[in-house]
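Each chain is listed here by its residues.
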Amino acid sequence: MAKHVARKLLVLNPQDSAGYVQLSNTYAALKRWDDVLNVRRKMKALKMNKEPGCSMIEVDGVVHEFLAGEGMILEQI
């Protein structure tokens, strides 16, 4: 099912990295490492980067945002 959804995301918006990342993660979960490598190579050929992950937490009325990925940034909102 996840593979089908990821492929559908690629059809709907081939310029968005989300479908490629989802497909790569699905292959990784299935231990299909050659397929993971192929998806990541395609992303690199298309000069496409994974969007960083984002989390927010409120502490004492102050919201803090955390990004995970290349060029990590910590911001206070």
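A brief structural summary. Values in this document were obtained by computation on a predicted structure and should not be read as measured data.

About the cut-offs
- Residues numbered from 1 in each chain as written.
- Predicted model: local features only at pLDDT ≥ 70, side-chain atom pairs only at ≥ 80, totals over all residues.
- Heavy atoms only, no water.
- Helix = DSSP H or I, 4+ residues; strand = E, 2+ residues; numbered from the N terminus.
- Expected span 1.5 Å × (residues − 1).
- Buried < 20%, exposed > 50% of the residue type's maximum accessible area, 1.4 Å probe, protein only.
- Arc of directions from axis to C-beta.
- Core = buried A, V, L, I, M, F, W, Y, C linked by side-chain atoms within 4.5 Å.
- Contact = heavy atoms within 4.5 Å.
- Salt bridge = Lys/Arg side-chain N within 4 Å of Asp/Glu carboxyl O.
- Patch = residues over 30% accessible without salt bridge, like charges linked within 9 Å, V, L, I, M, F, W, Y side chains within 5 Å.
- Areas by Shrake-Rupley, 256 points an atom, 1.4 Å probe, with all protein chains shown as cover.

### Some words on helix H3 (residues 33-45)
And then number 1: Helix length check: H3, at 13 residues, gives a terminal C-alpha distance of 18 Å against a target of 18 Å (1.5 Å per residue), a fit within 8%.
And then number 2: Those residues of H3 that sit buried are Val36, Val39 and Met43. Looking down the long axis of H3, one finds its buried residues gathered within 70° of arc, a one-sided arrangement. Across from the buried face of H3, at angles greater than 90 degrees, the exposed residues are Asp34, Arg41, Lys44 and Ala45.
And then number 3: Taken from the residues just after H3, lysine 47 is the one with a positive phi, measuring 55°.

### So, the nonpolar core
And then number 1: Judged by nonpolar contacts, Ala6, Leu10, Tyr20, Val21, Leu23, Tyr27, Val36, Val39, Met43 and Met48 together constitute the single largest core of 10 residues.
And then number 2: Counting residues per element, the ones that place at least two in this core are helix H1 (2-12), helix H2 (17-29) and H3.
And then number 3: With 4 residues, the top contributor of residues to this core is H2.
And then number 4: If we skip the residues at most four places from it in the chain, methionine 48 touches Pro14, Gln15, Asp16, Ser17, Tyr20 and Met43.

### A closer look at the pattern of salt bridges
And then number 1: Taken as a whole, this structure holds 1 salt bridge when the rule is applied.
And then number 2: Across the pair arginine 32 and aspartate 35 runs a salt bridge, and its minimum N-O distance is 2.6 Å.
And then number 3: Residue class for arginine 32 comes out partly exposed when judged on its relative accessible area of 32%.
And then number 4: Residue aspartate 35 is classed as partly exposed on the basis of its relative accessible area of 23%.

### Describing a nonpolar patch on the surface
And then number 1: A cluster of nonpolar side chains, contributed by Met1, Val5 and Leu9, occupies part of the molecular surface with about 320 Å² of accessible area.
And then number 2: Following the sequence through the fold, methionine 1 ends up in the segment before H1.
And then number 3: Judged by its relative accessible area of 80%, methionine 1 is exposed.

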